[in-house]
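# Residue-level structure breakdown
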Amino acid sequence: MDAKKVLVSIKALTKRFPGIVALNNINLELLEGEVHILVGENGAGKSTLVKVLSGLYSQDEGYIKFRDVSYAPRDTREAINTGIRVIYQELSLIGTLTVAENIFFEQLPKKRGLLDSSTLNRKAQDLLERVGLDIAPDRPVRFLGIAQQQQVEIAKALAGKSQLIIMDEPTASLTSKESEKLFAIIKLLREQGKSIVYISHRLKEIFDIGDRVSIMRNGELVDTCDIREVTTEILVKKMVGRTIGKKIPFLESHNPDYSTPILSVEGLKRIGTDTSVSFSLYPGEILGIAGLVGSGRTEMIRALYGLDPKKCQSIKLNNKPIDIKSPRQAVKAGVGFLTEDRKDEGLLLTLSSSNNLTITDLKGIAKHGVLSAQVERTTAEKLIQDLQIKVQSYRQIVGTLSGGNQQKIVIGKWLYKRCEIFIFDEPTRGIDVGAKFEIYNLLWELAKKGKGIIVVSSEMEELIGLCHRILVMSKQEIVKEFTRDEFDQEKILRVSYKNYV
Amino acid sequence: MNLTKKKSYEFRTKTMYNMELKMKRKGNNVFSRSEESGIGAVLILMIIVFSLSAPQFFSISNLRNIFTQITINTIIATGMTFVIITGGIDLSVGSVMALSAVTLGKFITQVEVNPGLYITIGILAGLLVSGIFGLLNGLIAEKWKLPAFIVTMGTMNIARGAAMIVTDARTLFSFPSAFIKFGNATILWNSVPIIFLVALFLVIVGQFILKKTVFGRLIIAIGTNRQSVKISGHSTVIPKLIVFAMCGVTAGIAGIVYASRLTVANPILGSGYELNAIAATIIGGTSLDGGKGSLFGTFLGACIMGVLTNGLILLGVNDFLRQMITGFVIILAVILDSYRKPKL
């Protein structure tokens, strides 16, 4: 590091959201011509930091300087004009336009008000050569593969004279060969004096391309160091830390019944993947599924529930083989799914609480197909009472409830269906801390009643505080099972990285 | 356990609690009043204005006119309301109505003996054809995941063409007198046509199905959030098919009633009626986004359109201006409705 100039300097940056501090007093310098790696657990604050840099969020405290000039973009456009551009995981090119049109989309060359195609394609050709992409500039983007689209994105960044290019998990959907090519481009960009912020879960590749690495944890920047000075071990240790703030009190008094599994899944294989998973769930057990974002946790659950096509050797419920081809069959078998996205998939937002609570079993509140308003009301009021849902009345529209109460409504509707198995995907996402504990208590109540509970969560503390067992997924596979006495945040995290290293 | 409970309240700040309360109150206000009260008030206001400005408005013959005009639109709009509540649309109803009318017409033209039997068979055939068309709309839209708008635009042309072929593009007439009598009979001192009662009956049955049955609840839920209903363990395809079939059948009923009233069946009848039915549904407060609506609202919507047209004619407003005013009313209704939507 021979006295490189500072490109971006971030000072005392703090960003708060209702209930949490997403970024806490971040101090960071990005140098010209460096590849700066950003690592951290799910929810450590990496994305928030990127969003502040790219103008999607504005900070609450602190400031950023770009080449010694104060930098506070109001939107992404301003960030791009300044010279900072993000290449997201989901590429944002327009499929029907040509490569050249995409590259220069923000500043299409014009001649007498019309598009100047020849200049456009010539300039695009130059940039394509710079990123090593051999493709006709007038080819529509939709014919390109993911890796090529990524190269177009990079060319686009260069066209906009971007000085800092932020890449969020760029290799997530690339083959190893394509990744190699990307790394070559990154090195090329570095030689041209561009700065790159590189976010990745894949700890192996960062050692190949990085200059420096910053580790984030719980919204704080733990450390920034030279990549040659650290090892995977050290990084993981720093990501986990030793300070576990709020402790979730585990329900010691209750023990699952480990005699026969309530659900056993063998050889569950999602269409489109090569790996399969097998696991068992026992009555009264809370089974956690850990893993990095993109490790296939949610996908596995959705396939199991019949939402996505799958092949499966066997699914047994209380030792009886069943087939789940659709959510309908899953529900019939006594499985309830509480999705990560409550608003889009869980709730009927514009309908009343009672309508939502009873939707899973309308026959239960009807006689010969005719609904009984009275039965619906008493059913709903009982659930509201049992779950301590804070509503004005059973008629209150669920869209107006807080996140915690909305989640309780979803739990309530599956309780009403008398489900034996509850699958929670991120049970406390978007729920404030106080309500979180109420949800945990409800989970324990369910466990005490002998229900089987699966919890997919990105919050390690939640899993460790809540579960009897934890399965760790890495790259579509269950790589390890931890029993409660083996729980160790660091070990679990290290195993999560297993298939990526 | 006590400890956690206590802890949970520490984190709820006062402002957050107040915010929640405010949201609750707002939510309750919007929905405590009856869905149709606003639209009903508009209708009453309209009736008052017209009865004051046009003295013949309340004459027996004019009332009969209004009821007759409302009838066909209301019948079509009942099926349409169901389709729109599930988030769909059906543009084929006008053509299906014609196809139903001419199918019936084929059976009952110049029948000498046993007219009752032919009428019965004719009605059943008309309803069957229109039901099949409705079901087809649903099947195509669901199987290939196409927008109902496009699918029904296609079947709109198919049904119209079929009606032309069946009749050789000619008008069918000389129907049995029993059939014609039905379309032109009245009750209550000659003020209310019998066919209006058919429309009223469909509205009441429809409202019952929508608000009081398991099927109706499913329809509303599917229109609100189809994915959520699917995850809750219901088939979301079959209810949609049923709703499209229902819409076909009501269009078929409209065709039969119309033929009976006009005493002829003509392959071009019902052109543009789909738009009137959609307008009545929307004015009645059914949301084009799905998930919300009522048959009573739709009925009031059809009444508003009928009364408006009739009143403006009585006042001597010319046809073109009348059309413009109707257009404004439709837009106004949608604007008013957007204010009633809860902001989530």
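Residues numbered from 1 in each chain as written. Chains lettered and ligands numbered in written order. Predicted model: local features only at pLDDT ≥ 70, side-chain atom pairs only at ≥ 80, totals over all residues. Heavy atoms only, no water.

## Side note on the overall build of chain B
Operational definition: Only runs of H or I of at least four residues qualify as helices and only runs of E of at least two qualify as strands under DSSP, and these elements are numbered from the N terminus. The rule is simple: take the accessible area with a 1.4 Å probe, protein chains only, and divide by the maximum for that residue type; under 20% is buried, over 50% is exposed, in between is partly exposed. Using the Shrake-Rupley algorithm and a 1.4 Å probe, accessible areas are obtained, with residue cover drawn only from the displayed protein chains.
Assigned secondary structure in chain B consists of 15 helices and two strands. Every one of the 344 residues in chain B was classed for burial, and the buried ones make up 49%. For chain B, the accessible area works out to roughly 16,300 Å², and carbon and sulfur atoms hold 70% of it.

## Some remarks on the nonpolar core
So the rule is basically this: By nonpolar core is meant a set of buried Ala, Val, Leu, Ile, Met, Phe, Trp, Tyr and Cys residues that side-chain atoms within 4.5 Å join together. Any two residues whose heavy atoms approach within 4.5 Å at even a single point are treated as in contact.
Among the nonpolar cores identified, the biggest contains 218 residues, and I103(A), L263(A) and I470(A) are the most heavily contacted of them. With 11 residues, helix 4 (residues 60-85) of chain B is the single largest residue contributor to this core. With residues near it in sequence (within four places) discarded, L263(A) still touches F279(A), S280(A), L281(A), L304(A), I315(A), K316(A), L317(A), I421(A) and I454(A). Ranked by size, the runner-up nonpolar core spans 26 residues in total, among them I10(A), L30(A), Y71(A) and I166(A).

## Describing the sheet that holds strand 22 (residues 452-456) of chain A
Within a beta sheet, neighbouring strands are joined by backbone hydrogen bonds and run either parallel or antiparallel to one another. Residue and element names in this part refer to chain A. Convention followed: Strands pair, by our definition, only if DSSP identifies at least two bridges between them. Each axis is a line fitted through C-alpha atoms, taken for helices only over the stretch in contact, and angles between the N-to-C directions span 0 to 180 degrees.
Pairing within the open sheet is mixed, and its six strands lie in the order 18-21-22-15-23-24. The open sheet has two edge strands with one neighbour each: strand 18 (335-338) and strand 24 (477-483). Neighbour to neighbour, the strand axes of the sheet diverge by 20 degrees on average, direction disregarded. Inspection of the sheet shows strand 15 (residues 286-291) paired to strand 23 (residues 469-474) by five bridges, in the parallel sense. When the sheet's bridge partners are listed, G288 is paired in strand 23 with I470. Contacts from helix 9 (residues 297-304) reach strand 15, strand 18, strand 21 (421-425), strand 22 and strand 23 within the one sheet, and its direction differs from that of strand 15 by about 135 degrees. Docked against the sheet, helix 14 (residues 403-416) engages strand 18 and strand 21, running at close to 170 degrees with respect to strand 18.

## Comments concerning the domain arrangement of chain A
Residues and elements named next belong to chain A. The test is simple: These domain boundaries are the output of an automatic or database domain assignment. As used here, buried area is the combined drop in accessible area, with a 1.4 Å probe, of two parts when they are placed together. Just to be clear on terms, a salt bridge is a Lys or Arg side-chain nitrogen sitting within 4 Å of an Asp or Glu carboxyl oxygen. Whenever two N or O atoms come within 3.5 Å, that pair is a polar contact, provided that in protein one can donate a hydrogen and the other can accept it, and provided that, for residues adjacent in sequence, both atoms are side-chain atoms.
Split by domain assignment, chain A resolves into domain 1 (6-240), domain 2 (255-334 + 419-501) and domain 3 (347-412). On the domain 2 side, the residues contacting the 14 residues of domain 1 number 16 residues. Both faces considered, domain 1 and domain 2 share a buried interface measuring about 1,400 Å² in area, 62% of it formed by carbon and sulfur atoms. Note that R494 and E233 form a salt bridge whose closest N and O atoms lie 3.6 Å from each other. Counting the contacts that link domain 1 with domain 2 gives zero residue pairs in polar contact (both at pLDDT 80 or more). For the side of domain 1 that touches domain 2, the secondary-structure elements that each account for two or more residues are helix 7 (203-209) and helix 8 (232-240).

## Details of the packing of helix 5 (residues 93-108) of chain B against helix 6 (residues 115-143) of chain B
All names here are of chain B. Here is the rule: Our angle categories are set so that under 35 degrees counts as roughly parallel, over 145 as roughly antiparallel, 65 to 115 as roughly perpendicular, and the remainder as oblique. By convention, the crossing between two helices is left-handed when the near helix turns anticlockwise from the far helix through less than a right angle, and right-handed when the turn is clockwise. Each residue gets one label: Ala, Val, Leu, Ile, Met, Phe, Trp, Tyr, Cys and Pro are nonpolar, Asp, Glu, Lys and Arg are charged, and the others, such as Gly, are polar.
Contact pair helix 5 / helix 6: the axes reach a minimum separation of 8 Å and the direction vectors enclose 155 degrees. As the angle between them shows, helix 5 and helix 6 are arranged roughly antiparallel. Two packed elements cross with a definite hand, and for helix 5 against helix 6 that hand is right-handed. Residues V96, L99, S100, T103, L104, F107 and I108 of helix 5 touch helix 6, and the partners they reach there are Y118, I119, I121, G122, I123, A125, G126, V129, S130 and F133. Tallied by class, the residues present in the contact of helix 5 with helix 6 amount to 12 nonpolar, five polar and no charged.

## Observations concerning the pairing of strand 11 (residues 212-217) of chain A
All names here are of chain A. By the criterion of burial, strand 11 is predominantly enclosed, with six of the six residues buried. Burial of strand 11 is two-sided: the residues R212, S214 and M216 facing one way and the residues V213, I215 and R217 facing the other way are all buried. Here strand 3 (residues 35-40) runs beside strand 11; their pairing, made up of five bridges, is parallel. Residue pairing for strand 11: I37 is matched across the bridge by V213. Both strand 11 and strand 12 (residues 220-226) contribute to a ladder of six bridges, which runs antiparallel. In the sheet register, R212 faces strand 12, and the bridge partner there is D226.

## Focus on the packing of aromatic side chains
By convention here, two paired aromatic rings are described through the distance between centres and the angle between planes. All names here are of chain B. For the record, the criterion: Two rings from Phe, Tyr or Trp (for Trp, the six-membered ring) form a pair when their centres sit within 6.5 Å of each other. Planes less than 30 degrees apart are called stacked, planes more than 60 degrees apart edge-to-face, and all others tilted.
The full count for this structure, using the stated rule, is 12 aromatic pairs over all chains. Between F50 and F57, the aromatic rings sit 6.1 Å apart at their centres with planes inclined by 25 degrees, giving stacked as the arrangement. Consider the rings of F67 and F196, whose centres lie 4.5 Å apart with planes at 50 degrees: the pair is tilted. Of this pair, F67 sits in helix 4 while F196 sits in helix 9 (residues 194-212), placing them 129 residues apart in sequence. For F67, a relative accessible area of 22% gives the class partly exposed.

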